[in-house]
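# Summary of structural features
In case you want the letters, here they are:
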Amino acid sequence: MGRTVIIGDGPAGLSAALLLAKNGHETLVYGRDGTLLHHAHLHNYLGVLDTDGSAFQAAARDQVEAVGARIVDAEVTAVEAAQDGGFTVRTADDEVHADHVLLAGGRGVAKLAAALGAAAADGAVTTDGDSATSVPGLYAAGHLVRPQRSQAIISAGDGAKAALDILSREAGEDVHDWDSPPSD
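So, here is what we can say about the structure in this document. (Residues numbered from 1 in each chain as written. Predicted model: local features only at pLDDT ≥ 70, side-chain atom pairs only at ≥ 80, totals over all residues. Heavy atoms only, no water.)

Along its length, the chain carries four helices and 12 strands. Against the 2.2 N^0.38 benchmark of 16 Å for 184 residues, the chain shows a C-alpha radius of gyration of 16 Å, consistent with a compact globule. Projecting the C-alpha coordinates of the chain onto the three principal axes gives extents of approximately 50 × 40 × 35 Å. Counting only residues that meet the buried cut, the chain has 47% of its 184 residues in that class. Once local pairs closer than 6 in sequence are excluded, the contacts in the chain between residues at least 24 apart make up 54%. Counting every atom, the chain has about 9,600 Å² of accessible surface; 49% of that belongs to carbon and sulfur. (Helix = DSSP H or I, 4+ residues; strand = E, 2+ residues; numbered from the N terminus. Rg over C-alpha atoms; globule rule 2.2 N^0.38 Å. Buried < 20%, exposed > 50% of the residue type's maximum accessible area, 1.4 Å probe, protein only. Contact = heavy atoms within 4.5 Å. Areas by Shrake-Rupley, 256 points an atom, 1.4 Å probe, with all protein chains shown as cover.)

Now the structure itself:
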């Protein structure tokens, strides 16, 4: 399995991280826990009757780490296409190689998409139905692709689509993330 770096730790990034890591994919999430979810109260998230956005965010971060994703409290300063394929992701203190990158933040990561040459229109990064951008191996989800219609549950779905596409491309066939209930 390859390595995916996710830049952004809101619903889109954490949803992707959950699916990737629980399927054995090395997953690094760069985020400083600054998601807009901290300014929300969820009444419109399927399966959640009523919860504070910060409580939801804390539970999501814990769930992602429990399945093996690593959350790194650092700001990504640059992403570049690597000579040998994939990407080089840089922070002020570190540099890592990634086979895939998911940009799952808001305006703050738009400059990374632009620097990589990802197509954009009307202030949003454009993606296909699987959250892939015009740059091979680069995905985008969340507020970055839908700045005027951002909802936590939609962003989480976009992140999940990206994760399933990454897993499917690596497997060479469609991957379905289906968990069966434990047998008695």
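Attention shifts here to the sheet that holds strand E5 (residues 70-72). Spatial ordering of the open sheet is given by E5-E2-E1-E9-E12, a layout of five strands whose pairing is parallel. Of all the strands in the sheet, the pair left with one neighbour each is E5 and strand E12 (138-140). On average, adjacent strands in this sheet sit at an angle of 20 degrees to one another, irrespective of strand direction. Both strand E2 (residues 26-30) and E5 contribute to a ladder of three bridges, which runs parallel. Residue pairing in the sheet places Val-29 in a bridge with Ile-71 of E5. (Pairing = 2+ DSSP bridges. Axes fitted to C-alpha atoms, helices over the stretch in contact; angles between N-to-C directions.)

What follows is about the sheet that holds strand E7 (residues 87-91). Read from one edge of the open sheet, three strands run E6-E7-E8, paired in antiparallel fashion. The strands lining the two open edges of the sheet, one partner per strand, are strand E6 (76-81) and strand E8 (95-98). Each strand of the sheet is rotated relative to its neighbour by a mean of 20 degrees, with strand direction disregarded. Two strands pair when backbone bridges link them, and E6 and E7 are joined in this way by five bridges, in the antiparallel orientation. Bridging from a neighbouring strand, Val-79 pairs with Val-89 of E7. Where helix H3 (residues 107-116) meets the sheet, it contacts E6 and E7, and its direction lies at approximately 20 degrees from that of E6.

That's the geometry; what it means functionally is another story.
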